[in-house]
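Structural description and commentary
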Amino acid sequence: MPHFIAEYSANLEDCIDFQGLFEQVNTFLGGTGIFPLGGIRSRAIRLDQYRVADAKHDYAFVHMTLKVGSGRDLETRQRVATELFSIIEKFFQPLKDQRLLAISFEMTELDPVLNFKSNNIHQFLQGQG
């Protein structure tokens, strides 16, 4: 953990450099010292079926979620979420200057009992150092 998920309207397909966004997100999250690098995942999901507002214009949206494991206090989560949203807003500002765009972001904390994981990436990364 954490997992960063960007859901976006299909009319943005050719407008967003998701790898560039993910590089910034992963670098930030890994640099916080709060999350292990081996658990960070970022992905984008294109949504072909959607409607925004009155549908009379070429509205677009990106909704991002950061799912984190449990155990971090609210102040820590709020600090990370606030700083990450600042990165997100800066990344999307040029696109927002060109078109109608709704940007949203939320951080969710996963249940400590009902969250299951299996990962050999952590051991691999430790062996690299």
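Given the structure is predicted, the values throughout are model-derived calculations rather than measurements. (Residues numbered from 1 in each chain as written. Predicted model: local features only at pLDDT ≥ 70, side-chain atom pairs only at ≥ 80, totals over all residues. Heavy atoms only, no water.)

1. Looking at the overall build of the chain
Within the chain, the regular secondary structure consists of 3 helices and 4 strands. Start at the N end of the chain and walk to the C end: the helices and strands fall as β-α-β-β-α-β-α. Residues classed as buried in the chain amount to 36% of the 129 residues present. Long-range pairs, those at least 24 residues apart, make up 84% of the contacts in the chain between residues at least 6 apart in sequence. Summed over its atoms, the accessible surface of the chain is roughly 8,000 Å², and 49% of this surface lies on carbon and sulfur atoms. (Helix = DSSP H or I, 4+ residues; strand = E, 2+ residues; numbered from the N terminus. Buried < 20%, exposed > 50% of the residue type's maximum accessible area, 1.4 Å probe, protein only. Contact = heavy atoms within 4.5 Å. Areas by Shrake-Rupley, 256 points an atom, 1.4 Å probe, with all protein chains shown as cover.)

2. Comments concerning the packing of aromatic side chains
The tally for this structure, following the rule as stated, stands at 6 aromatic pairs. Each ring, one from tyrosine 50 and one from phenylalanine 61, has its centre 5.6 Å from the other, and the planes form 80°; the classification is edge-to-face. Placement of tyrosine 50 in the loop between strand E2 (41–47) and strand E3 (60–68) and of phenylalanine 61 in strand E3 is noted, with a sequence separation of 11 residues between them. (Phe/Tyr/Trp six-rings, centres within 6.5 Å; stacked < 30°, edge-to-face > 60°.)

3. Overview of the side chain of arginine 77
With respect to the helices and strands, the residue arginine 77 is situated in helix H2 (residues 74–98). Beyond its immediate stretch of four places on either side in the chain, arginine 77 contacts Val68, Arg72, Met107 and Glu109.

4. Thoughts on the sheet that holds strand E4 (residues 101–109)
Sheet strands pair by backbone hydrogen bonding; their relative direction is either parallel or antiparallel. Within the open sheet, the 4 strands sit side by side as E2-E1-E3-E4. Their pairing is mixed. Because the sheet does not close on itself, it has two edges, and the strands there are E2 and E4. Strand-to-strand twist of the sheet, defined as the mean angle between neighbouring strand axes without regard to direction, takes the value 15°. Strand direction decides the pairing type here: strand E1 (residues 3–9) and E3, joined by 6 bridges, are antiparallel. From the neighbouring strand, histidine 3 faces E3, where its bridge partner is lysine 67. The strands that helix H1 (residues 18–31) touches are E1, E2 and E3; relative to E2, the one it contacts most, it runs at about 145°. Across the sheet, H2 lies against E1, E3 and E4, angled at about 160° from E4, the strand it touches most. (Pairing = 2+ DSSP bridges. Axes fitted to C-alpha atoms, helices over the stretch in contact; angles between N-to-C directions.)

5. Here we look at the environment of aspartate 14
With respect to the helices and strands, the residue aspartate 14 is situated in the loop between E1 and H1. For aspartate 14, a relative accessible area of 75% gives the class exposed. As a C-alpha pair, aspartate 14 and glutamate 106 span 92 residues in sequence and 24 Å in three-dimensional space.

6. Section: the environment of asparagine 120
If you trace the backbone, asparagine 120 turns up in the loop between E4 and helix H3 (121–128). Residue classification places asparagine 120 among the exposed residues on the basis of a relative accessible area of 59%. Along the backbone, asparagine 120 and glycine 39 are 81 residues apart, and their C-alpha atoms lie at a distance of 9.8 Å.

7. Examining the pattern of salt bridges
For the structure shown, the criterion picks out 4 salt bridges. Its salt-bridge partner being glutamate 13, residue arginine 46 comes within 3.3 Å of it at the nearest N-O pair. In this pair, arginine 46 is assigned in strand E2 and glutamate 13 in the loop between E1 and H1, connecting sequence segments 33 residues apart. Taking the relative accessible area as the measure of exposure, arginine 46 reaches 40% and is therefore partly exposed. Judged by its relative accessible area of 34%, glutamate 13 is partly exposed. Residue arginine 46 is joined to aspartate 48 by a salt bridge in which the shortest nitrogen-to-oxygen separation is 2.6 Å. A network of salt bridges, in which partner residues are shared, links Glu13, Arg46 and Asp48. (Salt bridge = Lys/Arg side-chain N within 4 Å of Asp/Glu carboxyl O.)

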